[in-house]
Every structure is written in C-alpha cells, then in structure tokens.
Amino acid sequence: MPSQVQSMPLSMSELDRAAWEAICHWQDHVQIQTVRAGIDYAQLIRYSLWDKVSRAIRKKHDPIAFEFEADLLDPNWGMLQQNSLNPLKQEAKRIQQLIHAVQDGLAIRSRKSPTLYVPCEHSALRRTVQDIAHSVVTVVPYWAYEHQNNLSRFRPPLSKTRSTFALRLHQAVLEGLRAFEITLLDLDIERLKRQIVQVVTHIEQVKFELKALRPDVILLFADNHYPVQTYVFVAQQMQIPVIMQQHGLDCEQYCLEEAYAPIISVWGKARCDRYCQNSTWQPQTLQINGNPEFDTLRAPEKLDLNGDYWLWVTRPHRPEKCFSPSRSPREGIEILAALLQALMRSPSARLVIKPHPLDHPDLYQTYVNESNVRDRVEITTAPAQSLLSDASLVISEDSTVGLEAMFFGKVVVHAHFAASLPVLPFVKYEAALPGYSAEMLVSALEKQLSETEQQSMWSGQQRFIQDYAGLCDGQSHQRMVRLIQQVLQQSL
C-alpha cells in the first residue's frame, strides 16, 4: 500500500524505506509521461526529492523536534538566481568559456586524437585527469575559466513546450506524493518547482554542449544526481560512452543503490556487490580499480596510539543533506555535546573538529564558546587527511574519513546517533568502537585497548580496507588511466 508512511507506529528504519519508496514510485499514481526523447525525468529529479520527502516525514513524525531544522533551512539552497528569466543563462558563461577554450587551442579536437571530456569538477578526479591528459586530448573547462575573456554570446531559448512540461511534472510529483500521504513544506514546493525547471532546461544545454564538443568519452565523479546525471542521460542518447569513477564511500541509505553510467570504476568489492545486488539497471562494465587518491597511502603494521588530540570529522548535517527521515540536523549538535562531556571527564584531552564543507561550523562554534572546555576545542578548515597523523583517535560518522583513518592506523570511533542502523559497517568489521549514543561515545573515548583488542581492531581495519578501498598497491591511477584509454580506443 502506498500509504505506509501513515501506518504508525513505524521505526525510523521503516520510515527511511517508506520515504525511498515514495521517491521512486510517485509516478505510478499519476497520469503523466515522464519519459521524453528517451530521457526519464522521474529518474533525473529523484535527487531533488531526497531531502524534501525526508524532511516532510520528519516534520510529520515529530513536529516539535522539527522546529530546530526549520530554523536552519536556506530558501535559496539549490536554486537559480531570482532575477533569471531564462534558467539556461545560468550556464551560459560556462559554455561560452568552454567553446572558447576549444577554439582557442586550449583543448584542440583532432580526428586522430580521441577526446576526453570532464565537464564537472571534483577533487577525486584530479589525479586521473592529470595522468590521462599526457596521452589524450582532455577538455577540462573549469581549469581554463580564468584565462577566458571577450567571449561570444550564447543564449539558447527556453521553449514554451519545455516550460510547460516542467510545470506539469512539478504538479504530478506533488500529486504522486500525496498518494503516499506526503505533503512537502511550502518552501520545498517552490524550491522543487525551480529545480525541476533547472533540470529540464539543463538537458537542452548539455545537448548543445556535447554537439559542439563531440567528445569521444565523458568522465564523471558520480552518475546519480544533478548536474552530472544529465550528462549520463544525454550522452546515452548521443551514444557517447560515459565513465563514472567512484569518489567516496556509500554513506547514505538507498541513494547509491542504482547505477546509471554504462562504465563504472569502483574502489572495492563492497560497492561492486551493492550495484550487482540492488541496481535495477546493470552497467556494461563494472570494474574494481581502487582509489587513485589512496595510491600514496600505506596502512601501518599495527595501530598507532600516539597523537595530540581527538579528531572529529563530521558528515554534512545541513537539512538539505539529510537524505533519510532518520537523518536529523540535530545529530551533529548531539554528537558535539557528548564530545564536550567527554572532554570534561578527560582534563588532558583536546578536540579538533573538521566540519564537512556542507555542515554548520558556525553552529558548532556557538556551542563550543558556551562550554567550560572551549579552550581545548579547535574548529579547523584544514584538509582531513592532513589532520589524521597527529590524532590519537578519530571520531567518524558514516563518512569516508573513517576509512582514511585506517590507513594511518588510528583507533576509530563510529559516532552514529540517528535512530536507524549505520550505513557503514565499521563496527561490524571490528574496525571501530561503537558510539551509537552519548553514553557509548563517551565510553569509547575513555576506553584503553588491551594488546589483544588492538590487534583485533587492526585486523578488522585491514579487512575493511580490502573490501571498501580495494587494491591498495599504488597502481589504482594506472588502472584508471588504462580503462579510459581502452574506452577511448573503442570509441574511435
């Protein structure tokens, strides 16, 4: 029954599943054709529903607790500029720069040399792009931005047909969600409308972009959300191969179960198995290559208990990044409160907090300033990896940093205060201590590991690294480059 969200009482894990069912199947309850020119817009706009559906359920499930989240909502999150009459204009400058770069010789297309196009920036692709650029023509528009001037105008029109479809799609989503007894917040209804318009018009922009460049292969860091997903769908229509290179761990329930790109490079067996078991559509190529960013890392032969501070690296707690009903923006504050309590019980300890870029460091700073231990707490913007070697232990949520800490042999504490099961099985692998409540977190921070426990955690971390990071032999970047070269050669 679609109204399972109403079938109370449900556990948070059941609410998470109910939210995902609504996100994936709202279109089954309305009269609209979501596929246009071979592109399924119901799939394309899923990402815009992740936070909104979950937020609506949180408000319905506990309206008093939701007041904290309501105060943090940003009405402009993910929206186009208010003064834009034509959403395509938001991308116009980037396309102007891109075409100018090609014409100016920064990335010259040659019929004898295959062309790799990397349209969207992500740090995880940097090593791969730098390596492959030595052997093939590589178009990376965001690297050339600062060099572009006197660009020609680009103003593709927003047709009335596309605009009408976007508005009909928006109304259909709202109606379809009502079949699951889900009503979005007023703010989210308006934001969803503008995001759908953005997606629909971005498809036309990507078509223009790919027709102008005619790349042989496209490289992306993800394939399941805007804007990267538009390249996957348009490229499929234009028969351009797309390679997706995994950029992080599966830190969310459900969101990473579907594969969309035809060629996918994953770090290890865990992501590979997840795609094979759960994805409706199976990629043509699914290859375990490891992570090029880990090529310089080597796990020590035993745990390293030395260090000057506890390091907490947060996951994003913005309301817009809470993709399941069980994920609350309060979780970060609740973890911080427990850490401050632990500091009061450990007078010699220090805490360094590295907030996720999409978290609320100002909120953490306010709480720290009101604490009696504020002189022993530091909030930093330094890269997480630069902080790991000097940490005595690492508090990780469902985050890739928990894995990275294992390459430094650090004791890991898995902080997870959500009323649902953790996504990453750090504790199941015996690679981390559980911190699933304030009491458990404080206890884990005070625990002195025996030699036997140290060996057990170290062994668990090696198993976790093997399954989730894959082959850590320093050759991941070479395997990634070979994969790209093979696909490029096949495309000629």
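Placed above this text is the structure.
Because the structure is a prediction, the values reported are computed rather than measured.

In this structure, what is going on with the sheet that holds strand 12 (residues 391–396)? I would like to understand it.
Two modes of strand pairing occur in sheets, parallel and antiparallel, and in both the strands are linked by backbone hydrogen bonds. Strand order in the open sheet made by the 6 strands is 11-10-9-12-13-14, with parallel pairing throughout. Both outer strands of the open sheet, strand 11 (377–379) and strand 14 (433–435), are each paired with one neighbouring strand and no more. Across the sheet, the axes of successive neighbouring strands diverge by a mean angle of 25°, strand direction being ignored. Bridge analysis of strand 12 against strand 13 (residues 411–415) gives 4 bridges, and the strand direction is parallel. When the sheet's bridge partners are listed, valine 394 is paired in strand 13 with valine 412. Of the strands in this sheet, strand 9 (309–313), strand 10 (351–354), strand 11, strand 12 and strand 13 touch helix 11 (residues 330–345), which is tilted by about 175° from strand 9. Across the sheet, helix 15 (residues 438–446) lies against strand 9, strand 12, strand 13 and strand 14, angled at about 145° from strand 14, the strand it touches most.

Quick question: what am I supposed to make of the pairing of strand 10 here?
Note on strand geometry: in a regular strand, side chains alternate between the two faces of the sheet. Burial of strand 10 is two-sided: the residues Leu351 and Ile353 facing one way and the residues Val352 and Lys354 facing the other way are all buried. Where strand 9 and strand 10 come together, 4 bridges link them in parallel fashion. For tryptophan 312, the partnering residue across the bridge sits in strand 10 and is isoleucine 353. Of the pairings in the sheet, the one linking strand 10 to strand 11 comprises 3 bridges and is parallel in character. Pairing of isoleucine 353 across the sheet is with isoleucine 379, part of strand 11. Once the chain exits strand 10 it traverses helix 12 (residues 361–369) before rejoining the sheet at strand 11, and the crossover so formed is right-handed.

What is the right way to look at the pairing of strand 12 in this model?
Here strand 12 lies mainly inside the structure; 6 of its 6 residues are buried. As defined by bridge partners, strand 9 adjoins strand 12 across 5 bridges and the pair is classed as parallel. Across the sheet, the residue bridging to valine 313 is serine 396, located in strand 12. Between the parallel pair strand 12 and strand 13, the chain is carried across by helix 14 (residues 400–406), and the sense of this crossover is right-handed.

Reading the values: rules and limits
Residues numbered from 1 in each chain as written. Predicted model: local features only at pLDDT ≥ 70, side-chain atom pairs only at ≥ 80, totals over all residues. Heavy atoms only, no water. Pairing = 2+ DSSP bridges. Helix = DSSP H or I, 4+ residues; strand = E, 2+ residues; numbered from the N terminus. Axes fitted to C-alpha atoms, helices over the stretch in contact; angles between N-to-C directions. Contact = heavy atoms within 4.5 Å. Buried < 20%, exposed > 50% of the residue type's maximum accessible area, 1.4 Å probe, protein only. Right-handed = clockwise from strand over helix to strand, strands pointing away.

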